[in-house]
Amino acid sequence: MNEAYFRDEDFTSENLRHGNLPEGEYDNCTFKAINFSGAHLSKMTFSECLFEACDLSNCITRGTCIRDTEFIDCKLMGLNFHELDPFLLSFSFQNCLLNFSSFSRLKLKNISFDDCKLIQVDFSEADLTSATFQNCDFSGATFIDTRLEKADFSTSRNFSIDPENNNIKGAHFSSENIRGLLEKYQIKIS
């Protein structure tokens, strides 16, 4: 199989028709305002790339390698991140829409989510040690057997995390969002 190799290239909706990305490896490339919705990105490699204002909703990403890649102002709804190649997996999200996605069973230590919507996202059995969640909305998100040691939820909202079923040692919460840790007890907090 002949795979293409791209380095230091900028891709836009003008030079990439219909979000059809050639199969291959992308190193230090930028993708701006491209609709990849439903695209088949399996077994591709993205290293030190930037996706800005792209729609990657419902992409097929089985075996895809993502390393040191940033997603800014992107729509990534319904993605199965747990199908990515876990070797050296690392990425960050800023002002992204990630609703209905799954990060189940992934090791994502030190991951950063800033100003993201994570509605109905599955974090079951994920390792989110030292993760940063700045101003994120977790309405309906699932945390079961999730490792959240030293994670920062201090500015986030609408999460429901059972301290008995998740490791939250050293995690940061604020007095405004502590309700999300006590929800199962059906107590009233004033």
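This text gives an overview of the structure that appears in the document.

### Some points on the sheet that holds strand β1 (residues 4-7)
Strands pair in a sheet through their backbones, by hydrogen bonds, and they do so in one of two ways: parallel or antiparallel. One open sheet holds the 4 strands; their spatial order is β1-β3-β5-β7, and the pairing between them is parallel. Strands at the two margins of the open sheet, each flanked by one partner only, are β1 and β7 (65-67). Taken pair by pair, the neighbouring strands of this sheet meet at an average axis angle of 5°, ignoring direction. Pairing between β1 and strand β3 (residues 24-27): 4 bridges, direction parallel. The partner of arginine 7 across the bridge, within β3, is aspartate 27.

### Re unusual backbone geometry
Phi angles above zero are rare outside glycine, and aspartate 73 is one such case at about 55°. Classification of aspartate 73 as partly exposed rests on a relative accessible area of 37%. With phi around 65°, arginine 105 is a residue other than glycine that occupies positive phi space. Within the element layout of this structure, arginine 105 appears in the loop between β9 (91-94) and β10 (112-114).

### Some details on the side chain of arginine 67
Within the fold, arginine 67 resides in strand β7. Aspartate 85 provides the closest opposite charge to the buried, salt-bridge-free arginine 67, at an N-O distance of 4.6 Å. A polar side-chain atom of arginine 67 sits 3.4 Å from the main-chain carbonyl oxygen of phenylalanine 87. Leaving out residues up to four positions away in the same chain, arginine 67 has contacts with Thr45, Phe46, Ser47, Glu48, Phe87, Leu88 and Ser90.

### Brief notes about empty space enclosed by the protein
Tallied over the full model, the rule gives 1 cavity of 30 Å³ or more. Forming the walls of the largest cavity are 13 residues, and the residues nearest its centre are Leu56, Thr61, Ile66, Phe71 and Leu79. Classifying every residue of the lining of the largest cavity by side-chain character gives 11 nonpolar, 2 polar and no charged.

### A look at the pairing of β9
Burial along β9 is one-sided: the face carrying Phe91 and Phe93 is buried and the face carrying Ser92 and Gln94 is not. Direction of pairing for strand β8 (residues 69-72) relative to β9: parallel, over a ladder of 4 bridges. Bridged to glutamate 70 within β9 is serine 92. Sheet analysis places β9 next to β10, joined by 3 bridges and oriented parallel. Its bridge partner being in β10, glutamine 94 is matched across the sheet by aspartate 114.

Conventions we followed
- Residues numbered from 1 in each chain as written.
- Predicted model: local features only at pLDDT ≥ 70, side-chain atom pairs only at ≥ 80, totals over all residues.
- Heavy atoms only, no water.
- Pairing = 2+ DSSP bridges.
- Helix = DSSP H or I, 4+ residues; strand = E, 2+ residues; numbered from the N terminus.
- Axes fitted to C-alpha atoms, helices over the stretch in contact; angles between N-to-C directions.
- Buried < 20%, exposed > 50% of the residue type's maximum accessible area, 1.4 Å probe, protein only.
- Lys, Arg positive; Asp, Glu negative; His and termini not counted.
- Salt bridge = Lys/Arg side-chain N within 4 Å of Asp/Glu carboxyl O.
- Polar contact = N/O pair within 3.5 Å; in protein donor to acceptor, adjacent residues only side chain to side chain.
- Contact = heavy atoms within 4.5 Å.
- 1 Å grid on protein atoms, 1.4 Å probe; cavity = no way out; pocket = protein on both sides within 12 Å on 5 of 7 lines; lining within 4 Å.
- Points joined across faces, edges and corners; volume = space filled by probe spheres on them.
- Nonpolar A, V, L, I, M, F, W, Y, C, P; charged D, E, K, R; others polar.

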